[in-house]
Amino acid sequence: MPTRQENGTAGGETPNGVKVGGSGANFVNGYHGEKSAEKPADDAETTVSCGLGSWRPNCIQKCANAKMFCFVLAWFMFFEGLMYSGFFKGAITSLEKQFRMTSSVSGTLATVAEITTVVVVTFVTYIGGKSHRPIIVGAGSILLGLGSILMGVTHWWVEIYDYGGAGQNLTTNQCTAGNGSDSCDQGASTGLHPLFPVLVVAQIIIGLGNTPMMTLGIAYLDDHVKKADSSLYLASCWLMLVLAPAVGFLLSAITLTWWVDLDRVDVSTVAISPLDPRWLGAWWLGFLFSGGLLVMMGVPFFCFPRALKKPDDDWEDIVPDSPKMVDTGKEGPKDVVVGMFRALKRILTNTIYMGITFMQVSALSVTYAFGVFMPKFLESHFQLAASDANSLIGLATIPGAAVGLFFGGFITKKFKWKSIRCINFCALTNVVVVIMYGGLWAFTCDNPFIPGLTLPYRSENATNGINLQAQCNTACSCSAERFDPVCGTDWMTYYSPCHAGCAGTTYTGPLATNYTDCSCVVAPTFSATPGKCFTACSAKAQGFVALMFFMAFLAAAGQAPAFMVLLRSVSEADKSFALGLNYMAQRLFASIPSPIYFGAAIDGACLLWQTTCGQRGNCWLYDNTRFRQSYLGLATALQLLSIVFLVVAWLAVYRRKRNQDAKEDGENGEESRQTKDRRPMWPLSLFQRPITRRYSEERIGPFALYDPRSLTYSTETINEGYTSNAMVNPAFVIESAT
């Protein structure tokens, strides 16, 4: 039976005499809340005080507030982003070498945690929303730490890394008779390492621990702060989450310069440097370090109460009515399942929620794909070194997105925007971002000049087609197994020193620094240096990245207000479950598939594939025009699709707001129609503030200047008429001079 107070804000009693508490009734349809039985005063104080069990000292009660929870949650997000979004992505190539993984296998490993989240998020958020949410978030932090530590301890379970087991000499690839040998090495280790399943288990644990953070943690924080301040709190947490990957990549850059077995072998006996392709860094150190931090971060969450004291808040927005509640004691399995499906129906039929969710899915698909493939795009399109490409990405997208997130949350709080203005601002930023995509298309570069691939050798007739073998390197017997580009003094990039016809090599220590006597290089010195040639087009990368900075800023600035609209579009009882479904949708439709279909589109632009023993590996060279069209074209299409979903949510927000205005104006349909159109449409209402105009009869005479029908009445008569009908003058408030 429904209670007399359906929204759960005050206590009541059902006709059957069952008492229902204002904020703590169990719901027959599956909503969280404390039991409504009357509690002693001491017990009531315990529910909002910090501590573990009966240990609740007075010295820590100052921490029982939303600011402290926000502080702890923000650092949890930081350490999670440092480990998973930063260090793990930076160390994945080292994991490929240690566990003999192909790129497709390592990509699958990277999605295991995401798939785990998709599988469990519905149950974690629904059951967790009915339970002690801070404890579940703390347990998630500990699980994340244990999963990270499990990744690290596999270092001691694998054999000592042998960088010379195949007997290959990677420091020579020069022109020598009989040098080319494409035969397969039968003695090389093949197949996945037997301990690879341990990594899969570790990623499953990480996926389980990652689920409560962005669902239950965010919902708990939003429930206990003023709605006008919520955006700033959430933006502060997101700021830490966005900055964390930069620190994680920096951590991986440091640890990967140390030898992997530094604790088991004498490092001074290692004869190769980090520049050698066989080098394997200490990938395991970062997992142990970040794992320990995450385990420690889980402890404070266990001290937070089930519910904090809620601030006085008269914030009115588009939040729907809460579902009806009845205290029935503990719910049975059938009640849980029925309640879950009822909640699912309410959320999936919420047009605002669905529009914002799929807008985020479309936008985040671009974000995830850019995070994975943007360094490759800069390296290939602008002929940059890998380190330079990663540095530019770190200086552009991460700071731009971080500042944008904080800016979006700050202005939402500063101007106390409700859903109308939040979604207007989000629409404005998304439109500007789409326009700026046109600027990215303007940064074009031609394919690099590589004899034998993109153009013929100068000694060859163009009518004979493009072939790596030419008269100048016929005697070299060059192998095409290894792509080792060198830049000749004629500013041509050659496939390898052998294909450039270089017979001599100059070394600095163990590394080759210059190739001499290059018969294919048309220049007085006939020499070449390792690496691709840098072209004038490389300078365009700075302008491209600068534009990306502003695009990242605007795109992130619109996300905080959009998330506020999503939170306000569902009832408080549905919030945890709704956030779980939103989180699942982002993983299921964005983070998991977007790198796959972006990668497939990019593979279509490949000019040169690595082949070993008939097996195709990674792409060595891309067609710049096709790469740009596939990559930016797909990103632009997804950004346009996000605007379509945003328009759907925008219309639904205005419709719900007008319906609520009409309901508040009274039950008389005629009166409702008079006042429901008082708010002007966007963009006039974007930064509109309520205006109260005061006039005196001495200035305007005895008549009110409202409309022609009111010219026969005095100001007092008009105001009395509106007051008697429980209405407010829709034009302005008219006050008589005192």
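Residues numbered from 1 in each chain as written. Predicted model: local features only at pLDDT ≥ 70, side-chain atom pairs only at ≥ 80, totals over all residues. Heavy atoms only, no water.

*Asks:* Honestly, the overall build of the protein in this entry has me stumped. Any pointers?
*Replies:* In terms of regular secondary structure, the protein is built from 20 helices and nine strands. The buried share among the 738 residues of the protein stands at 49%. Counting contacts in the protein only where the partners sit at least 6 residues apart, residues at least 24 apart contribute 76% of the total. When the accessible surface of the protein is totalled, it reaches about 34100 Å², and 61% of it is carbon and sulfur. (Helix = DSSP H or I, 4+ residues; strand = E, 2+ residues; numbered from the N terminus. Buried < 20%, exposed > 50% of the residue type's maximum accessible area, 1.4 Å probe, protein only. Contact = heavy atoms within 4.5 Å. Areas by Shrake-Rupley, 256 points an atom, 1.4 Å probe, with all protein chains shown as cover.)

*Asks:* Would you take a moment to explain the state of the cysteines for this structure?
*Replies:* As used here, a disulfide is simply a covalent bond connecting the sulfur atoms of two cysteines. Evaluated as defined, the whole model comprises four disulfides. Each sulfur in the disulfide pair Cys-478 and Cys-498 lies 2.0 Å from the other. Given an S-S torsion of about -90°, the disulfide between Cys-478 and Cys-498 has left-handed geometry. Of this pair, Cys-478 sits in the loop between α12 (419-441) and β3 (486-488) while Cys-498 sits in the loop between β4 (493-494) and β5 (502-508), and the two are 20 residues apart along the sequence. An identical accessibility class is assigned to Cys-478 and Cys-498; each is buried. We note that Cys-426 lacks a disulfide partner, and the nearest cysteine sulfur, in Cys-422, lies 9.1 Å from it. Cys-426 sits in the buried class, given a relative accessible area of 0%. (Disulfide = S-S within 2.5 Å.)

*Asks:* Mind showing me how you'd approach the packing of aromatic side chains here?
*Replies:* Working definition: an aromatic ring pair is given by the centre-to-centre distance plus the angle between the planes. Tallying each qualifying case throughout the model produces 33 aromatic pairs. Aromatic pair Tyr-84 and Phe-88: ring centres 5.9 Å apart, planes at 10°, arrangement stacked. Taken as a pair, Tyr-84 and Phe-88 lie in helix α2 (residues 66-99) at a separation of four residues, close to a single helical turn. For the pair shown, Tyr-84 and Phe-88 are each scored as buried. (Phe/Tyr/Trp six-rings, centres within 6.5 Å; stacked < 30°, edge-to-face > 60°.)

*Asks:* Help me understand the confidence of the model for the protein, please; the structure alone is not making it clear to me.
*Replies:* The predicted coordinates should not be examined in detail at positions where pLDDT is low. Residues at a pLDDT of 70 or more form 71% of the protein, whose mean pLDDT is 75. A low-confidence stretch, residues 1-46 (pLDDT under 50), is modelled with 107 contacts involving residues beyond four sequence positions or located in other chains. Confidence drops under pLDDT 50 across residues 164-171; counting only partners more than four residues distant or on other chains, this segment forms eight contacts. (pLDDT = per-residue confidence, 0-100.)

*Asks:* Explanation requested: the pattern of salt bridges in the structure shown.
*Replies:* Taken as a whole, this structure holds seven salt bridges when the rule is applied. When the shortest N-O distance is used, the salt bridge between Lys-575 and Asp-222 registers 2.5 Å. Placement of Lys-575 in helix α15 (residues 575-591) and of Asp-222 in helix α6 (residues 213-223) is noted, with a sequence separation of 353 residues between them. Side by side, Lys-575 and Asp-222 carry an identical accessibility label, which is buried. Residue Arg-346 is joined to Asp-574 by a salt bridge in which the shortest nitrogen-to-oxygen separation is 3.2 Å. Within this pair, whereas Arg-346 is found in helix α9 (residues 333-348), its partner Asp-574 is found in the loop between α14 (559-568) and α15, the two being separated by 228 residues in sequence. What makes Arg-346 partly exposed here is its relative accessible area of 29%. One salt-bridge network, held together by shared partners, links Arg-133, Asp-222, Asp-223, Arg-568 and Lys-575. (Salt bridge = Lys/Arg side-chain N within 4 Å of Asp/Glu carboxyl O.)

*Asks:* Even after reading the chapter, I still don't get the nonpolar core, so can you show me in this structure?
*Replies:* Counting 112 residues, the largest nonpolar core has Leu-73, Phe-76, Phe-88, Leu-221, Trp-283 and Phe-563 as its most contacted members. For this core, the element with the most residues is α2, which contributes 19 residues. Once you skip the residues sitting within four places of it in the chain, Phe-76 turns out to touch Val-137, Gly-140, Ser-141, Leu-144, Gly-209, Met-213, Leu-294, Met-297 and Phe-301. Residues Phe-377, Leu-547, Phe-598 and Ala-605 belong to the second largest nonpolar core, which totals 33 residues. (Core = buried A, V, L, I, M, F, W, Y, C linked by side-chain atoms within 4.5 Å.)

*Asks:* Hey, could you run me through unusual backbone geometry in this one?
*Replies:* Leaving glycine out, the prevailing phi sign among residues is negative, and the prevailing peptide bond configuration is trans. Unlike most non-glycine residues, Lys-416 shows phi in positive territory, near 50°. On the secondary structure map, Lys-416 appears in the loop between α11 (386-414) and α12. We note that Asp-517 has phi near 55°; this positive angle belongs to a residue other than glycine. Mapping Asp-517 onto the fold places it in strand β6 (residues 511-518). With relative accessibility at 54%, the residue Asp-517 sits in the exposed group.

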